[in-house]
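Here is what each chain is made of, one letter per residue.
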Amino acid sequence: YRERGMCRLQVDDVDGAYEDFTSSIRRAPDADSYVQRAGISIRWHRTQEARRDLDRAIELSPAGCPGALLLRASLFDRLGEREAADADLAAAFRLEPDSGHAFRIRASILFDRGDIPPATADARRSLELAADNPLSWVMLGKCLAAAGDREGAGTAFAEAIHRAPEHDRGWIERVRAESLR
């Protein structure tokens, strides 16, 4: 079920993916299925459900679930629970100190807090570790735009679009337009 859920996410069948991750959890609970289902719950603004799933994922695999820690950190930050967010970020970095994903998530959190210079530094570090990740290029574009570097932001967004799958390019274009207004 978990593999089918992942395939359904690729074609944006979020309802079907949610059902598959739930079935996977019922059959054999695993951290990844909980993390995937939590991601969907966050999209649906079901924060308490997402929080429970992320807590369970971390319980099942405390040393092997930096993705759950990062997602929960992002959720905590959106809920205004900065200390909890910072604790989860620190724990994720202890598990994977050279993770491009971790630097991108921290950049996003810092950006949302208005801490643009450290967010930009983390976005750049994310790209040093994972240059092909279009999400990291989007994050850098947002940071540079917020810092007033429209040319640099435009270049970063162009890289994101170039590296993104075709089905993601539309939302990247929207983020670019919104960031460069």
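Structure: see above.
The rules behind these values
- Residues numbered from 1 in each chain as written.
- Predicted model: local features only at pLDDT ≥ 70, side-chain atom pairs only at ≥ 80, totals over all residues.
- Heavy atoms only, no water.
- Helix = DSSP H or I, 4+ residues; strand = E, 2+ residues; numbered from the N terminus.
- Expected span 1.5 Å × (residues − 1).
- Buried < 20%, exposed > 50% of the residue type's maximum accessible area, 1.4 Å probe, protein only.
- Arc of directions from axis to C-beta.
- Core = buried A, V, L, I, M, F, W, Y, C linked by side-chain atoms within 4.5 Å.
- Contact = heavy atoms within 4.5 Å.
- Polar contact = N/O pair within 3.5 Å; in protein donor to acceptor, adjacent residues only side chain to side chain.

**Q** Residues and numbers for helix 4 (residues 47-60), please.
**A** In a regular helix each residue adds 1.5 Å, so 14 residues correspond to 20 Å; helix 4 covers 20 Å between its end C-alpha atoms and thus fits that length. Taken together, the buried positions of helix 4 are occupied by Glu-49, Ala-50, Asp-53, Leu-54, Ala-57 and Ile-58. Buried residues of helix 4, seen end-on, are gathered within an arc of 170° and therefore sit on one face of the element. In helix 4, the exposed residues that point more than 90 degrees away from the buried face are Arg-52 and Glu-59.

**Q** Residues and numbers for unusual backbone geometry, please.
**A** Of note, Asp-12 is a non-glycine position whose phi angle comes to about 65°, a positive value. Unlike most non-glycine residues, His-45 shows phi in positive territory, near 65°. Turning to its location among the elements, His-45 is positioned in the loop between helix 3 (31-43) and helix 4.

**Q** Residue-level account of the nonpolar core, with values.
**A** One finds Val-35, Leu-54, Ala-57, Cys-65, Ala-68, Leu-70 and Leu-89 to be the most contacted residues of the largest nonpolar core, which totals 24 residues. Those elements that provide at least two residues to this core are helix 3, helix 4, helix 5 (66-78), helix 6 (82-95) and helix 7 (100-112). In contact with Leu-89, not counting residues within four places along its chain, are Leu-70, Ala-73, Ile-105, Arg-106 and Ile-109. Formed by 21 residues, the second largest nonpolar core is a distinct cluster that contains Trp-137, Ala-145, Ala-160 and Val-175.

**Q** Talk me through the environment of Ala-146; I want residue IDs and the actual numbers.
**A** Topologically, Ala-146 is positioned in helix 9 (residues 134-146). A relative accessible area of 46% places Ala-146 in the partly exposed class. Between the C-alpha atom of Ala-146 and that of Leu-180, which follows or precedes it by 34 residues, the distance is 8.5 Å. Not counting residues within four places of it along the chain, the set of residues in contact with Ala-146 comprises Phe-111 and Ile-116.

**Q** Explain helix 3 to me, and be specific about the residues and the numbers.
**A** Over its 13 residues, helix 3 extends 19 Å from the first C-alpha to the last, a length consistent with the 18 Å expected when each residue adds 1.5 Å. Among the 13 residues of helix 3, 10 are classified as buried, and the element is accordingly described as predominantly covered. Turning to helix 3, its buried residues are Ala-31, Ser-33, Tyr-34, Val-35, Gln-36, Arg-37, Ala-38, Ile-40, Ser-41 and Ile-42. The secondary structure elements touched by the buried residues of helix 3 are helix 1 (2-10), helix 2 (14-27), helix 4 and helix 5. Taking the backbone nitrogen of Asp-32 as reference, a side-chain oxygen 3.3 Å away marks Asp-30 as the first, capping residue of helix 3. Downstream of helix 3 by one or two residues, His-45 has phi in the positive range, about 65°.

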